[in-house]
Structure formats: C-alpha cells, structure tokens
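Structure at a glance
In case you want the letters, here they are:
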Amino acid sequence: RANVRVQAPPQVNASFGWTGGADAVQWSSKSDRIFFIHAARANKSGRLFWAEATTGATHIVAGDSLPTFTENSSGILSGNWRAVGDGHEVLWWSERDGWGHLYRFDDGGHLLNQITSGPWLVDRIKYVDPVGRQAYFQALGRDSTLPYYSHLVRVNFDGGGLTDLTPEPGNHLISFVPSGKYFLDVHSLLDTPPSVFLRAALDGRKLLTLEQADIAPLVAAGWTPPRLFKVKARDGVTDLYGLLHLPSHLDTTKKYPVINHVYPGPQVGTIFGWGWAAGGEPRALAELGFIVIQVNALGTPGRSKAFHDFYYGNMGDNGLPDQMAAMEQLAARYPFIDLSRAGIYGHSGGGFASTDAILKYPDFFKVAVSGSGNHDNRSYVYDWGEKYQGLLKRDSVTKKDNYDSQANYLLAGNLKGHLLLMTGDMDTNVHPTMTFRLVDALIKAEKDFDLVVIPDAGHGLPDYSIKRRWDYFVRWLLRQDPPRDYHMMKEP
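These notes cover the structure that comes with them. (Residues numbered from 1 in each chain as written. Predicted model: local features only at pLDDT ≥ 70, side-chain atom pairs only at ≥ 80, totals over all residues. Heavy atoms only, no water.)

Turning next to helix H7 (residues 433-444). The first and last C-alpha atoms of H7 sit 16 Å apart over 12 residues, in line with the 16 Å expected at 1.5 Å per residue. Taken together, the buried positions of H7 are occupied by Met434, Thr435, Leu438, Val439, Ala441 and Leu442. One face of H7 carries all of its buried residues, which in axial projection span an arc of 165°. Opposite the buried face of H7, at more than 90 degrees from it, the exposed residues are Ile443 and Lys444. One or two positions beyond H7, positive phi appears at Glu446, with a value near 60°. (Helix = DSSP H or I, 4+ residues; strand = E, 2+ residues; numbered from the N terminus. Expected span 1.5 Å × (residues − 1). Buried < 20%, exposed > 50% of the residue type's maximum accessible area, 1.4 Å probe, protein only. Arc of directions from axis to C-beta.)

Quick look at the structure:
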C-alpha cells in the first residue's frame, strides 16, 4: 500500500542492506504480509523477515550465520526460499549442516523440521504446492554419472516422499507451468543433444516430446564432443570433474600444447552448465591444434559447503593448484599432451585468475591471456569481494591488509612468459583501472607484456578480442605465424 513504510526492527543497524534477486521479496497469498531478506556486510549472516502490510511491524522468520559466507542472502542463490500460502510458514534454504538443504519455519521463527538431508544439495526451488504441501526443486549430487547433473525432485513438507521425477541419467533443466501440474524438461548429457519434454508433475510421466536436437550436420562436419574426466584435487583425495576438448584431427603420436580455460568463481565454476554444448571457444581452440581443458576446482559451488569454502579469505588461490594438478594427471594419462607448452586464459574473474597463474607459477604457465580481469578486488564491487575475502583489515604497523594476497600487481616482478592483457575503456563492471594498475607495476618491474585497450567496449569484449587471443596462443604456443588473411564475420 502506497502509504505504508516497511521499517527494519531495532536490532538491524546500518551495516545491513537490501539484497536483490527475483525472489528477494515475496508476498503472502492474501497480500497482507511481505517477506524480505536483510544481509550483513561480508554476507556472513542473512535473515528473513516478514512485515505486516498495514502497520509495517516486522518479525524474524529464519536466518543463518556462518564463519565464511551465506548463500541465501546474496549471489547466485539469493531468494532460494519460499513463503508458503498465507505466509504462516516458510521454506528456507541453508547450508548449516554442510550441504544445501531445505528447512521449514513457522512465522514466529521456530524451526519445525529439516525437510531434506544427505550428501547432496538442493539447488533451486522450482515450485511449491501449498495445498498438497510439497516442494519441487532441482537437486545436484544425486546422479551417479556426474554430481553436477541436475534432477527435479519432489518432497513432502515433513521430509517424506522424496521422489526423483526425472530419473534418467543426465542434466534436466526444469520450467513449471503456472498451475504446477506440468513442467518442461530439457534433458541432455555432455555427449547427447537436448530433447524437450512436457511431463506430469504428479509422477514425472513424459506426456509429449516437443523438440529433439538434430546434430547430424555437426557430426558430418567433423565435430566431436568433449570428454568428461575425473581427477584428484591438490589434496590427492577429492574428486574433481572437467572437460577435455580434443582436435577432430587428433594424432596421438604427436605432442600438442595444452590450454586451460579458467573461471575460478567462487560464485560459479569454469563449467557452469553441465548439459550438452556443441561448441564454444574451448572447442574452437582445440581445432586450431591445442588440447583444451576445463575443470571446476576446489572453491566453486555445486558440491558441499566445505568444497565451496576451500579458499575463503584467499582469493589469490583461484583454484590454481587444482588446475595444475588436473593438467599434470591428464598429461600422465594422455602422452600427446605437452605440459611444457601450457597456456591459460579467462575473462573477468578468469582474467584475474589467468594473470595470477602466470605470475604465481611462471615456470608452469608459459602463456596467459587475460580479459577484463578484476586484478585487485579492493577496487571491485565491495559486496562481492567482501563475501569471499572478508572485510578489509589493515595492519597499522606494516600498512598491509588482508587483500594483499589477491592483488596481481604485487606479483608483477615474477613474469617470465608471454602475457596479453585486454580491457574495454568503458567497462562498468570491472573498471579498466584494475588492468592499468597492473600495467604500471609491470612497467616498473621492466617486464615485457602485451596490452589491448578496446575503445567504447564494456565488460563483454567484442569479437576482436577472440581473434587476438587465438593469434596469441598460435604465435607463442604453436610457434607459428597466425593467418593474416583472416577477417572477422560481420553481423548482417
């Protein structure tokens, strides 16, 4: 109502703020209650409130406080909760037991029961049936083929009746129709193209096949799918999963340079969607004569809370020891991988990580290409950096702080190989000054490097950056001259 102002309770002070997300604010079915989240600075705690629409009086319903960070208050899973029906109970997503699961609270803030449990996690709540008292959600870790494959699971509010409505191995992307009686299932595997089905929410029955991808022309052109691999993390114990992209013209008697495509997260991993994918840049690079790998390292989501928390407070880790461990194991497994010619590239957080890699491990990585990297998160959006590095703490004596460990410019003197930095001068996400500060440090260290600043380009760099990246790897890893007669395709 226009004349009502929702007021925060006295215990919520200025260090708390509103969070975004499509479901960050929800109304009860009668529109007499509004539910919202307040998150603390650094996202170590988040609390769910409801407010009376007529008075603005607020009440705490649920919340979490963790030593590292909470996910429900901001980021990729913000709004992963539901006010049920008239708002007298809520479903709350939490990692309090070490895995992402659902909990049920009443409107007075009392825990009624933990709905789901076990060494797997609830990923996304997709639909809640307040009459049947059931919740539908996408779950990870329940497919023996690959823990990142997502399935649609239904459960009763009391925790009973846990049912996988999409039991076929593979990845299932789910969209419910508004009535909740049916859902669309986009089903695929890494090597199997997607099919789209209309299914019944009652039992998961396939009612209609809507689409089936035809990849015959792709196969006829010589396309081959990536290979799924499993390796051990730096600890020699934890399983990591990734994709190996090989040239269609692979000759196993030859040696090929290896390129690591990295995105460290921590909010997502290098491989964000684990369903079928026809191409993308890793596959294209492989066709140029490289072995390209992608792996989700420790410190990325989709597994346990401990897995995600692994390098909390030390973003300079970037999962790089796991990336190198994976590359070493794959080189031992496949003799055609030439680990002496190792390159790495990434964009944004991947630009940060790829530069970090060649500066921190200069004897391992010989070539790095960095696009729009957030090379020092003291200059990035505060809530993202604080969530994974913690609040800034400065030592009054040494004048150093806890963000020094992740600042690439402090490693500039280590450069040995070939580094290409790229940024757009109109980047409103990762400001170009982060690249320029690194450039300044490289110049002062008297290091040779390459820099491309693209006029009028934002955070997503134009196709020219792809050409420069490919040329750079061809020149310094393949030791060949890139083709000069190549022209980027123009959009009509």
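As a further point, take unusual backbone geometry. In this structure, Pro266 follows Gly265 across a cis peptide bond, with omega equal to 5°. Here Pro266 lies in the loop between strand S20 (256-261) and helix H2 (281-287). Positive phi outside glycine occurs at Ala42, with the angle close to 70°. Here Ala42 shows up in the loop between strand S3 (33-40) and strand S4 (45-52).

This part is about the nonpolar core. With 51 residues, the main nonpolar core has Leu244, Trp274, Ile291, Leu330, Ile337 and Phe365 as its most contacted residues. Top contributing element to this core by residue count: helix H4 (residues 320-333), with six residues. Phe365 has contacts with Met324, Met327, Ala342, Gly343, Ile344, Ala357 and Ile358, leaving out every residue within four places of it along the chain. By size, the runner-up hydrophobic cluster in this structure holds 19 residues, among which are Ile259, Leu285, Val292 and Val474. (Core = buried A, V, L, I, M, F, W, Y, C linked by side-chain atoms within 4.5 Å. Contact = heavy atoms within 4.5 Å.)

The next point concerns the layout of surface pockets. Taken as a whole, the largest pocket encloses approximately 550 Å³ of empty space. Around the largest pocket, the lining comprises 27 residues; the ones closest to its centre are Asp123, Arg124, Leu140, Phe272 and Gly302. If one sorts the elements of the lining of the largest pocket by residue count, strand S10 (residues 121-129) sits on top with four residues. Classifying every residue of the lining of the largest pocket gives 13 nonpolar, nine polar and five charged. (1 Å grid on protein atoms, 1.4 Å probe; cavity = no way out; pocket = protein on both sides within 12 Å on 5 of 7 lines; lining within 4 Å. Points joined across faces, edges and corners; volume = space filled by probe spheres on them. Nonpolar A, V, L, I, M, F, W, Y, C, P; charged D, E, K, R; others polar.)

It is worth spelling out the packing of aromatic side chains at this point. According to the stated counting rule, one finds 17 aromatic pairs in the structure shown. Ring centres of Tyr136 and Phe176 lie 5.2 Å apart, and the angle between their planes is 65°; on these two criteria the pair is classed as edge-to-face. Placement of Tyr136 in strand S11 (residues 134-140) and of Phe176 in strand S14 (residues 171-176) is noted, with a sequence separation of 40 residues between them. Across the pair, exposure class does not vary: Tyr136 and Phe176 are buried alike. An aromatic cluster is defined as three or more aromatic residues linked by ring pairs; in this entry it consists of Phe69, Tyr312, Tyr380, Trp384 and Tyr388. Lys305 extends its terminal NZ or CZ atom over the ring of Phe69, reaching a point 3.7 Å from the ring centre. (Phe/Tyr/Trp six-rings, centres within 6.5 Å; stacked < 30°, edge-to-face > 60°. Lys NZ or Arg CZ within 6 Å of the ring centre and 35° of its normal.)

Now for the side chain of Thr423. Checked against the element boundaries, Thr423 lands in strand S24 (residues 418-424). The contacts of Thr423, once residues within four sequence positions are left out, are Ser372, Pro432, Thr435, Phe436, Val452, Val453, Ile454 and Leu461.

Here the focus is empty space enclosed by the protein. All chains considered together, the criterion is met by two cavities of 30 Å³ or more. Volume-wise, the largest cavity comes out at about 40 Å³. Around the largest cavity sit Asp64, Leu66, Thr70, Glu71, Asn72, Trp93, Ser94 and Glu95, which together line it. Of the residues in the lining of the largest cavity, the class split is two nonpolar, three polar and three charged. Roughly 40 Å³ of volume is contained in the second largest cavity. As for the second largest cavity, its lining consists of Phe69, Pro266, His308, Tyr311, Tyr312, Met315 and Tyr388. Looking at the lining of the second largest cavity, its residues break down into six nonpolar, one polar and no charged.

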